[in-house]
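Residues per chain are reported as follows:
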Amino acid sequence: MSNWKLKSAVVPVTGAASGIGLALCKLLRAEGATPAMIDVNRDRLLFAASEVYGSAEEAARHAYAVDVCNSHAIDACFEEILHTHGPTTHAVAGAGIVGPSNVLTDTDEQWHRVIDVNLNGAMYFCRAAARQMVAAKRGGAIVTIASIAGLKAKENRASYATSKAALINLTRALALDLGGFGIRVNALAPGVIDTPIQNSNRTTLDVVAETIPLKRIGVSDEIANGVLFLLSTYASYVTGETLVIDGGLTAKYR
Ligand code: NAI
């Protein structure tokens, strides 16, 4: 076990049923923390929670099937976490979706769906986490999972790139509003990571890998490690920052 000092942390994580969120929950559990696993996909969530917690009973005690777009459900979820596990000490807004999006062809619904999950959902989640942390008066740390698409735009990803850019600035705003309560808030911007959200075949990913300075796409654990750092006291003077983990992709001129 490494020494991230997260042993008694209670950590709600959204997007916990898959990819980066699931890898993070496994790491948090290995550190002795209690991840509260939140995801909209109930079946996949219960399966993921049993991977993290072992028995079906323990999985059910730590799994919360909630849509982040429903702010009332998110608030109720935090009340339930408080009641069952104690006050939230750290939180990670990881839930996200991507979809083809072109400014000429997007319908209102397509546009709103991505903004709703990636931006509004993250706001509802961070707000609920922050309220609980402020009430507990013990400080804390929040991490949002943004994207390098929030730093640079990309063709046919207008809604996604916009949602992630706004999420990065929301993270800065949260850092300012919460700093006086000893709560740090940072964003992590992954590059191309091998998870189901990529929805690309191996050949396509191999071609993408060649464009990355490290010549490979990343894996979820490499993002989860960065999140652990930002949550931990090793990052005690880091707030309002965006940590890019992308194998060098955004370091390139072309
Ligand atoms: P993933 O698709 O494996 O996991 C995303 C999870 O979010 C899924 O389990 C899904 O059910 C959940 N989710 C979606 N909508 C939700 C909602 N309304 N309420 C609650 N849960 C919801 O994808 P991955 O890669 O693990 O994504 C995690 C985060 O990382 C996302 O925010 C994504 O935008 C971001 N990211 C991923 C990159 C990648 O290359 N994989 C690159 C940059 C950012």
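Nothing here was measured: the structure is a model prediction, and the numbers come from that model.

A. Examining the overall build of the protein more closely. When you go through the protein residue by residue, the secondary structure sums to eight helices and seven strands. Radius of gyration (C-alpha) of the protein: 17 Å, near the 18 Å computed for a compact globule of 254 residues. Each principal axis of the C-alpha atoms in the protein carries an extent, and together these give about 50 × 40 × 35 Å. Relative to its 254 residues, the protein shows a buried fraction of 49%. If you take every contact in the protein between residues at least 6 apart in sequence, the share linking residues at least 24 apart comes to 72%. Distance between charge centres in the protein, computed from 23 positive and 23 negative side chains, equals 6 Å.

B. Summary view of the packing of aromatic side chains. Scanning the entire structure with this criterion turns up one aromatic pair. Their ring planes at 55 degrees and their centres at 5.4 Å tell us that Phe 78 and Phe 125 sit as a pair that is tilted. Residue Phe 78 is found in helix H4 (residues 71-85), and its partner Phe 125 is found in helix H5 (residues 108-136); the two are separated by 47 residues along the sequence. Of the two residues examined, Phe 78 and Phe 125, each falls in the buried class.

C. Focus on the side chain of Thr 88. Counting through the fold element by element, Thr 88 comes out in the loop between H4 and strand E4 (90-93). Judged by its relative accessible area of 2%, Thr 88 falls in the buried class. A distance of 2.8 Å separates a polar atom in the side chain of Thr 88 from a polar atom in the side chain of Gln 132. The contacts of Thr 88, once residues within four sequence positions are left out, are Val 10, Pro 12, Phe 78, Ile 81, Gln 132 and Met 133.

D. Quick peek at the state of the cysteines. Applying the stated criterion to the full structure yields zero disulfides. No disulfide involves Cys 69; its nearest neighbouring cysteine sulfur is the one of Cys 126, lying 14 Å away. The buried category is assigned to Cys 69, whose relative accessible area is 17%. No disulfide involves Cys 126; its sulfur sits 13 Å from the nearest other cysteine sulfur, which is in Cys 77.

Rules used throughout
Every chain's residues receive numbers from 1 upward, in the order its sequence appears when written. Two thresholds apply to this predicted model, a pLDDT of at least 70 for residue-level local features and 80 or more for giving and counting side-chain atom pairs, whereas whole-chain, interface and lining totals are computed over all residues. In computing side-chain values, all of the structure's heavy atoms are included and hydrogens and water are not. Secondary structure elements are taken from DSSP: a helix is a run of H or I of four residues or more, a strand is a run of E of two residues or more, and numbering for both begins at the N terminus. Restricting the calculation to C-alpha atoms gives the radius of gyration, and the globule rule supplies 2.2 Å times the number of residues raised to the power 0.38. For every residue, the accessible area (1.4 Å probe, protein chains only) is compared with the maximum for its type, and the residue is labelled buried under 20%, exposed over 50%, or partly exposed between those bounds. We call two residues contacting when some pair of their heavy atoms lies within 4.5 Å. For this count, His and the chain ends are skipped, Lys and Arg are scored as positive, and Asp and Glu as negative. Charged side chains are reduced to one point each, which is NZ for Lys, CZ for Arg, CG for Asp and CD for Glu. Between 30 and 60 degrees the pair is tilted, below 30 it is stacked and above 60 it is edge-to-face, where a pair is any two Phe, Tyr or Trp rings, Trp via its six-membered ring, whose centres lie within 6.5 Å. Two N or O atoms count as a polar contact when they lie within 3.5 Å, although within protein this holds only if one can serve as hydrogen donor and the other as acceptor, and sequence-adjacent residues are included solely when both atoms are side-chain atoms. Two cysteine sulfurs form what is called a disulfide whenever their separation falls within 2.5 Å.

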